[in-house]
Amino acid sequence: MTSNVADILIEALPYIRRFYGKTIVIKYGGHAMVDAYLKEGFARDITLLKFVGLHPVVVHGGGPQIGSVLEKMGMNSQFVHGMRVTDEPTMDVVEMVLVGKVNKEIVAQISQQGGKAVGLSGKDGGLILSRKLRLVRTRAEDKPPEIIDVGMVGEVISVNSDIIRTLETGGFIPVIAPVGVGESGETYNINADWVASKIAVALNAVKLILLTDVEGVMDKTGSLISSIKAGAMKKMLEEGTISGGMIPKIECAIEALQRGVGRVHIIDGRKPHAVLLELFTDKGIGTEVRG
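Described below are features of the structure shown in this document. (Residues numbered from 1 in each chain as written. Predicted model: local features only at pLDDT ≥ 70, side-chain atom pairs only at ≥ 80, totals over all residues. Heavy atoms only, no water.)

Next up on the list: the overall build of the chain. Check the secondary structure of the chain and you find nine helices and 16 strands. For 291 residues, the compact-globule estimate of 2.2 N^0.38 gives 19 Å, and the C-alpha radius of gyration of the chain, at 19 Å, lies within 12% of that figure. On the principal axes, the C-alpha backbone points of the chain span a range of 65 × 40 × 35 Å. Scored against the burial criterion, the 291 residues of the chain give a buried share of 48%. Total accessible area on the chain stands at roughly 13,900 Å², and carbon and sulfur atoms take up 53% of it. Between the mean site of the 33 positive side-chain charges and the mean site of the 33 negative ones, the chain shows a separation of 4 Å. (Helix = DSSP H or I, 4+ residues; strand = E, 2+ residues; numbered from the N terminus. Rg over C-alpha atoms; globule rule 2.2 N^0.38 Å. Buried < 20%, exposed > 50% of the residue type's maximum accessible area, 1.4 Å probe, protein only. Areas by Shrake-Rupley, 256 points an atom, 1.4 Å probe, with all protein chains shown as cover. Lys, Arg positive; Asp, Glu negative; His and termini not counted. Charge placed at Lys NZ, Arg CZ, Asp CG, Glu CD.)

Below you can see the structure in the form of structure tokens.
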């Protein structure tokens with residue numbers, strides 16, 4: 001038993017050395033955010049990363065929590081292309097749940113494990129400047145494209161990385177809710193995968209880790225792909241091998257790699273200590289996407 005523990009620590013050492021002082025952006029979502037055991041484990045793992053010299057930055061989702069509160073308030077949820085149609089009353093609930101509830105719970109969980117976490121939204125210090133997302137759907141050849149209004153759903157224009165850098169050097173773990181601010185002060189609901197990707201690019205992160213509720217990216221036979229180049233991944237998208245909710249994650253991964261992020265990892269957040277296993281073991285547990 002003692003030997004096994006020592007072997008694990010020895011296996012982790014070169015990775016800790018390689019990533020020491022580097023920024024790692026983790027998109028936290030899915031089942032890992034709702035299971036009590038996994039939530040505690042995630043907070044402990046993020047705290048450990050900070051204590052061994054890495055700079056973790058957490059960007060979280062909160063779709064199920066938002067949906068639950070909307071249902072309790074008698075407000076219907078409508079989705080278009082996987083995005084929640086967000087009118088002003090819905091935006092108020094989104095901001096309340098993401099910033100006021102989910103974000104603070106994550107901060108508290110990390111603090112309970114001995115970490116120093118600070119909760120932020122994109123509105124704090126102009127962290128995430130955003131604009132209204134234009135969703136265009138192509139139709140038949142003889143018809144013009146259809147522009148779909150999904151309300152206060154936004155896309156990232158820029159990230160104020162100075163805020164995050166200041167927190168990192170002060171020993172804090174930034175925990176960021178995917179709510180952005182427009183040039184006129186309006187509030188936008190933004191896809192958390194895209195926020196994580198843009199923040200990883202702005203920070204020149206060595207890793208972007210996307211937690212999901214699947215093992216990773218699968219090939220045509222349903223087998224897990226442990227490592228793949230972005231070009232091959234793009235071809236899988238074009239061929240339709242990748243579909244559904246994995247599409248935006250792959251698009252985020254490809255863009256992040258093209259803009260300087262070292263590696264992107266798509267991993268199963270339902271597995272205890274998924275982040276540590278992917279970062280600090282030779283085999284990893286999910287899909288690594290390389291540039």
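Of all hydrophobic cores here, the largest spans 41 residues; its most connected members are Ile26, Leu49, Leu211, Val275 and Phe280. Within the residue set of this core, elements represented by two or more residues are helix 1 (2-19), strand 1 (23-28), helix 2 (36-51), helix 3 (63-72), helix 4 (88-112), strand 10 (173-177), strand 13 (207-212) and helix 9 (274-280). No other element matches helix 4, which puts 10 residues into this core. Contact partners of Phe280, with chain neighbours within four places excluded, come to Glu11, Ala12, Tyr15, Ile16, Phe19, Leu48, Leu49 and Leu54. Core analysis: the next-biggest nonpolar cluster, separate from the first, contains 39 residues, Ile164, Ile242, Ala256 and Leu257 among them. (Core = buried A, V, L, I, M, F, W, Y, C linked by side-chain atoms within 4.5 Å. Contact = heavy atoms within 4.5 Å.)

Here the focus is the packing of aromatic side chains. The full count for this structure, using the stated rule, is one aromatic pair. Centroid distance Tyr28 to Phe42: 3.7 Å. Interplanar angle 5°. Geometry classified as stacked. With Tyr28 in strand 1 and Phe42 in helix 2, this pair connects stretches of sequence that are 14 residues apart. The burial state of Tyr28 is the same as that of Phe42; both residues are buried. One Lys or Arg, Lys116, reaches over the ring of Phe172 and ends 4.5 Å from the middle of that ring. (Phe/Tyr/Trp six-rings, centres within 6.5 Å; stacked < 30°, edge-to-face > 60°. Lys NZ or Arg CZ within 6 Å of the ring centre and 35° of its normal.)

To continue, consider the pairing of strand 16 (residues 287-290). The pairing of strand 14 (residues 227-229) with strand 16 spans three bridges and is classified as parallel. The residue of strand 16 that forms the bridge with Lys229 is Arg290. For strand 15 (residues 263-268) and strand 16, the ladder comprises four bridges, and the chain directions are antiparallel. Counted as the bridge partner of Ile266 is Thr287 from strand 16. (Pairing = 2+ DSSP bridges.)

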